[in-house]
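# Examining the three-dimensional arrangement
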Amino acid sequence: MLRTMASRVLDDNDRDEVLAILDADPVSNVFVASRVRAVGLSPTRLGGQMWGFGPRGGLTSLCYAGANLVPVNAGAEAVHAFAERARKQGRRCSSIVGPSDAVELLWERLEPYWGAARAIRWTQPVMEATEPSPVPADPLVRRVRPEEFEILLPACVAMFTEEVGVSPEVGDGGALYRSRVAELIRIGRSYARIDDGRVVFKAEVGAVTPQACQIQGVWVHPELRGRGHAVAGMASVLKHSLECFAPVVSLYVNDYNAPARAAYRRAGFREVGTFMSVLF
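Residues numbered from 1 in each chain as written. Predicted model: local features only at pLDDT ≥ 70, side-chain atom pairs only at ≥ 80, totals over all residues. Heavy atoms only, no water.

## Concerning the overall build of the chain
Spelled out, the test is: The way it works is that DSSP assigns letters per residue, a run of H or I at least four long becomes a helix, a run of E at least two long becomes a strand, and they are numbered from the N terminus. We take the radius of gyration over the C-alpha atoms and set the globule estimate at 2.2 Å times the residue count to the 0.38 power. Classification of residues uses two cut-offs on accessible area relative to the type maximum, computed with a 1.4 Å probe and protein chains only: under 20% is buried, over 50% is exposed, and between them is partly exposed. The contact criterion used throughout is that any non-hydrogen atoms of two residues lie within 4.5 Å. Note on areas: Shrake-Rupley with a 1.4 Å probe; residue coverage comes only from the protein chains shown. Only four residue types enter the tally: Lys and Arg on the positive side, Asp and Glu on the negative side, with His and both chain ends excluded. The location of each charge is read from NZ of Lys, CZ of Arg, CG of Asp or CD of Glu.
A tally of regular secondary structure across the chain gives nine helices and twelve strands. Computed over its C-alpha atoms, the radius of gyration of the chain comes to 19 Å, within 12% of the 19 Å expected for a compact globule of 280 residues. Once the C-alpha set of the chain is aligned to its principal axes, its extents read approximately 65 × 35 × 35 Å. Expressed as a percentage of its 280 residues, the buried residues of the chain come to 49%. Considering only contacts within the chain whose residues lie at least 6 apart along the sequence, 70% involve residues at least 24 apart. Counting only carbon and sulfur atoms, one obtains 52% of the accessible surface of the chain, whose full area is about 13200 Å². Distance from the positive charge centre (32 side chains) to the negative charge centre (31 side chains) of the chain: 2 Å.

Written as structure tokens, this is what we have:
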């Protein structure tokens, strides 16, 4: 049996090839593409490494190895090469996330060395919308202002804890998470409906490229759920995103979250793929 080609760490000389691979599937790859477009491929700026499979001039697959491990356009040979590098390096990520086929195979190879995951989200539908919502947008959903950071933060922490299963304040006391929340507010990608100092609905546009953007952190106050705030709120964020960021607006959601999936469908999103996440 021929030995599988090894992966290699990419740099800014590979940028054009990397972007060509990422842009071939702009919805699935929006997170990684947004990072590359913003800061390039230098590990210092990227906050991790970009691994490539294939020689320079013939790259076929990628894997972003930072806080998340994200395979891109990775078939079996590429996954094997990325798994070997990840195994030798040791686990440095808090999750593996991406297209379900690649993530499942990657985890199958890494689990014997990395040990059990804290949680596995086997099926996460990827959804997209390219037109404004067919339902009325909530006119009270707007960009969050910097002076509203302390109002928004508890809602962000509650969302993260509910979604991921651990508080973002564990470890560094929440410094990194607070910084990310503040940054999204500063660059105008944090949206919310705030009534009398209480967050009713919130969501962020977490990643943006010229081709697509990705909504994350969707949350409705627990006391106000079931009243249509998610549908109207998402309609509003979809409208703003199409106008301000990209022609395709995407997100991914856990398959077992039936209320959220129903709300996104009503707001105009359709399922176009499947992600999987392994959480540590």
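## Side note on the side chain of His229
Take His229: it is sitting in helix H8 (residues 229-244). Excluding anything up to four places from it in sequence, His229 contacts Arg193, Val200, Phe201, Val220 and Leu224.

## Digging into the sheet that holds strand E3 (residues 61-65)
For clarity, the threshold we go by: Think of it this way: DSSP has to see at least two bridges between two strands before they count as a pair. Between the N-to-C directions of two axes lies an angle of 0 to 180 degrees, each axis being a line fitted to C-alpha atoms and, for a helix, fitted only over the stretch in contact.
Read across the sheet, twelve strands follow the order E1-E2-E3-E4-E5-E12-E6-E11-E10-E9-E8-E7 without closing on themselves; strand pairing throughout is mixed. The open sheet is flanked by strand E1 (8-9) and strand E7 (142-143), the only strands paired with a single partner. The pairing of strand E9 (residues 198-208) with strand E10 (residues 213-220) spans six bridges and is classified as antiparallel. Bridge assignment links Glu204 to a residue of E10, and that residue is Gln216. Those strands touched by helix H7 (residues 175-186) are strand E8 (190-195), E9 and E10, and its axis lies near 85 degrees from that of E9. On the sheet, helix H9 (residues 258-267) packs against strand E6 (119-129), E10, strand E11 (249-252) and strand E12 (270-279) and is oriented at approximately 10 degrees with respect to E6.

## Some thoughts on the pairing of E8
Within E8, five of the six residues are buried, leaving the element largely enclosed by the surrounding structure. By the bridge criterion, two bridges tie E7 to E8 in an arrangement that is antiparallel. Bridging across to E8, Arg142 finds its partner in Ala192. As paired elements, E8 and E9 share six bridges and run antiparallel to each other. Counterpart to Arg193 in the pairing with E9 is Phe201.

## Looking at the pattern of salt bridges
Should their charged atoms come close, side chains of opposite charge can pair. We count it as follows: The rule for a salt bridge is simple: a side-chain nitrogen of Lys or Arg has to be within 4 Å of a carboxyl oxygen of Asp or Glu.
With the rule as written, the count across this model stands at 21 salt bridges. One salt bridge in this structure joins Asp195 and Arg193, with 3.1 Å as the shortest N-O distance. Taking the relative accessible area as the measure of exposure, Arg193 reaches 17% and is therefore buried. Residues joined by salt bridges that share partners form a network here, namely Arg8, Asp11, Asp14 and Arg56.

## Focus on unusual backbone geometry
In this model, Asn73 sits at a positive phi of 50 degrees, which is unusual for a non-glycine residue. Here Asn73 lies in the loop between strand E4 (68-72) and helix H4 (76-89). Its identity is not glycine, yet Asp196 carries a phi of approximately 50 degrees, on the positive side. Here Asp196 lies in the loop between E8 and E9.

## Quick word on the packing of H8 against H9
The condition that has to hold: To sort the angles, those under 35 degrees are grouped as roughly parallel, those over 145 as roughly antiparallel, those from 65 to 115 as roughly perpendicular, and the leftovers as oblique. By definition, any crossing whose near helix is turned counterclockwise from its far helix by less than a right angle is left-handed, and any crossing with a clockwise turn is right-handed.
The N-to-C vectors of H8 and H9 enclose an angle of 50 degrees; their axes lie 9 Å apart at closest approach. Regarding the angle of H8 to H9, the classification is oblique. In this structure, H8 crosses over H9, and the sense of that crossing is right-handed. Facing H8, whose interface residues are Ala230, Val231, Met234, Ala235 and Leu238, H9 presents Ala263, Tyr264, Arg266 and Ala267.

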